[in-house]
Amino acid sequence: MWIFLLTSPLCLLAAFNDLSRMKLPNAIVLGVVALYVVIGPFVFELPTYLWGFTHGVCMYLFGIFAYAFMGVGAGDGKFAAAMAMFIPTADARFVVPLFCAYLLGAFVTHRAFRALPFVRRATQGWVSWDHKKFPMGLALAGTFVTYFGFAAFQL
C-alpha cells in the first residue's frame, strides 16, 4: 500500500512532464531511487530489497542500449530503471505484458487526442503534440501505477 501511495504522485508527475515537455527530469528519477532506498528495507525482505538494486542496474544498462540503438529517450530508460527496483523478479512476467498493453493503449490514445482541436487548445504549448517521438513516460507511469495498485489492493 505504501509503495502505491508514495510512487503514484511521482509517476503522475513523470507522465505530465513527458506529455508537456517530452522530458523526464532527473529529479523525479532520483526521487524514486531515494524512495526505494528509504522505504525498501521496511516493505521488502532483505534479499528482495538487495535484488532490487540489481534490477535497477540491469534496466539502466538496457535503457542505455535502447537510447543508443532504439531511439528510446534517456529519461524513459532512467525512469524505468528506477521503477524496476520496486518489482520483484517473479512479477516481471506480469509487468512486461502490462507495459506492452499500456504502450499500445497510450500510443493510440495520444495520437487520437492530439488530433482533437479542443484538446490541443486546452493543452497549448505541450511539446508532445507536435513531436515525432512518443512520450513513453505516459505508458511507463501507467504501468507502474497499475502494478502497484494491484499489489496494494491484492487484486
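What counts, and at which threshold
- Residues numbered from 1 in each chain as written.
- Predicted model: local features only at pLDDT ≥ 70, side-chain atom pairs only at ≥ 80, totals over all residues.
- Heavy atoms only, no water.
- Helix = DSSP H or I, 4+ residues; strand = E, 2+ residues; numbered from the N terminus.
- Rg over C-alpha atoms; globule rule 2.2 N^0.38 Å.
- Buried < 20%, exposed > 50% of the residue type's maximum accessible area, 1.4 Å probe, protein only.
- Contact = heavy atoms within 4.5 Å.
- Areas by Shrake-Rupley, 256 points an atom, 1.4 Å probe, with all protein chains shown as cover.
- Lys, Arg positive; Asp, Glu negative; His and termini not counted.
- Charge placed at Lys NZ, Arg CZ, Asp CG, Glu CD.
- Axes fitted to C-alpha atoms, helices over the stretch in contact; angles between N-to-C directions.
- Parallel < 35°, antiparallel > 145°, perpendicular 65-115°, else oblique.
- Nonpolar A, V, L, I, M, F, W, Y, C, P; charged D, E, K, R; others polar.
- Polar contact = N/O pair within 3.5 Å; in protein donor to acceptor, adjacent residues only side chain to side chain.
- Core = buried A, V, L, I, M, F, W, Y, C linked by side-chain atoms within 4.5 Å.
- Salt bridge = Lys/Arg side-chain N within 4 Å of Asp/Glu carboxyl O.
- Phe/Tyr/Trp six-rings, centres within 6.5 Å; stacked < 30°, edge-to-face > 60°.
- Expected span 1.5 Å × (residues − 1).
- Bend = angle between axes of the 7 residues up to and from the residue.

*Asks:* How should the overall build of the protein be read in this particular structure?
*Replies:* Looking only at helices and strands, the protein features seven helices and zero strands. Reading the protein from its N end, one meets helices and strands in the order α-α-α-α-α-α-α. Over its C-alpha trace the protein gives a radius of gyration of 16 Å, about what one expects of a compact globule, namely 15 Å for 155 residues. Referenced to the eigenvectors of the C-alpha coordinate spread, the extents of the protein come out at roughly 50 × 35 × 25 Å. Across the 155 residues in the protein, those meeting the buried criterion constitute 42%. If you take every contact in the protein between residues at least 6 apart in sequence, the share linking residues at least 24 apart comes to 73%. With an accessible surface of roughly 8800 Å², the protein has 74% of that area assigned to carbon and sulfur atoms. Of the side-chain charges in the protein, 10 are positive and 5 negative, and the distance between the mean point of each set is 13 Å.

*Asks:* Is there a simple way to explain the packing of helix H4 (residues 74-84) against helix H7 (residues 137-152) in this structure?
*Replies:* When two helices pack together, their arrangement is given by the angle between the helix axes and by the axis-to-axis distance. Viewed as axis vectors pointing N to C, H4 and H7 meet at an angle of 10°, and their least axial separation amounts to 10 Å. Taken as axis vectors, H4 and H7 run roughly parallel relative to one another. Of H7, the residues touching H4 (which contributes Asp76, Phe79, Ala80 and Met83) are Gly137, Leu140, Ala141, Phe144 and Phe148. The class makeup of the residues in the contact of H4 with H7 is seven nonpolar, one polar and one charged.

*Asks:* Help me understand the side chain of Ser8, please; the structure alone is not making it clear to me.
*Replies:* Within the element layout of this structure, Ser8 appears in helix H1 (residues 2-21). In terms of polar contacts, Ser8 uses its side chain to reach the backbone carbonyl oxygen of Phe4, at 2.7 Å. Setting aside residues no more than four positions away along its own chain, Ser8 makes contact with Ile3 and Val145.

*Asks:* Any chance you could explain the nonpolar core here in plain terms?
*Replies:* Proteins that are soluble and globular tend to have nonpolar side chains buried together. Grouped together as the largest cluster of nonpolar side chains are 36 residues, with contacts concentrated most on Val32, Phe79, Met83, Phe86, Phe144 and Phe148. If you list the elements that add at least two residues to this core, you get H1, helix H2 (26-43), helix H3 (46-69), H4, helix H5 (92-113) and H7. Per-element tally for this core: the top contributor is H7, with seven residues. Filtering out sequence-adjacent residues up to four positions away, Met83 remains in contact with Thr7, Cys11, Val32, Phe144 and Phe148.

*Asks:* Would you take a moment to explain the pattern of salt bridges for this structure?
*Replies:* When their charged atoms lie close together, side chains carrying opposite charge are able to pair. The final tally for this structure, using the stated rule, is one salt bridge. In this structure, Arg120 engages Asp130 in a salt bridge whose closest nitrogen and oxygen atoms are separated by 2.7 Å. Here Arg120 is found in helix H6 (residues 117-122), whereas its partner Asp130 is found in the loop between H6 and H7, with 10 residues between them in sequence.

*Asks:* Looking at this structure, how should I read the packing of aromatic side chains?
*Replies:* Describing an aromatic ring pair means giving the distance of the ring centres and the angle of the ring planes. Tallied over the entire structure, the rule returns 16 aromatic pairs. Consider the rings of Tyr49 and Phe53, whose centres lie 5.2 Å apart with planes at 80°: the pair is edge-to-face. With Tyr49 and Phe53 both in helix H3, this residue pair falls four residues apart, about one helical turn. Put simply, the rings of Tyr36, Phe44, Tyr49, Phe53, Phe79, Phe86, Phe94, Phe144, Tyr147, Phe148 and Phe150 touch in pairs and so form one group of aromatic residues.

*Asks:* In this structure, what is going on with H1? I would like to understand it.
*Replies:* Note that an α-helix has 3.6 residues per turn; residues three or four places apart therefore point the same way. An ideal rise of 1.5 Å per residue puts 28 Å on 20 residues; H1 measures up with 29 Å between its terminal C-alpha atoms. The largest bend in H1 is about 30°, located at Ser8, with the proline Pro9 one to four residues further on. For H1, every residue scored as buried is listed here: Ile3, Phe4, Thr7, Ser8, Leu10, Cys11, Ala14, Ala15, Asn17, Asp18, Leu19 and Ser20. Buried residues in H1 make contact with H2, H4, H5 and H7.

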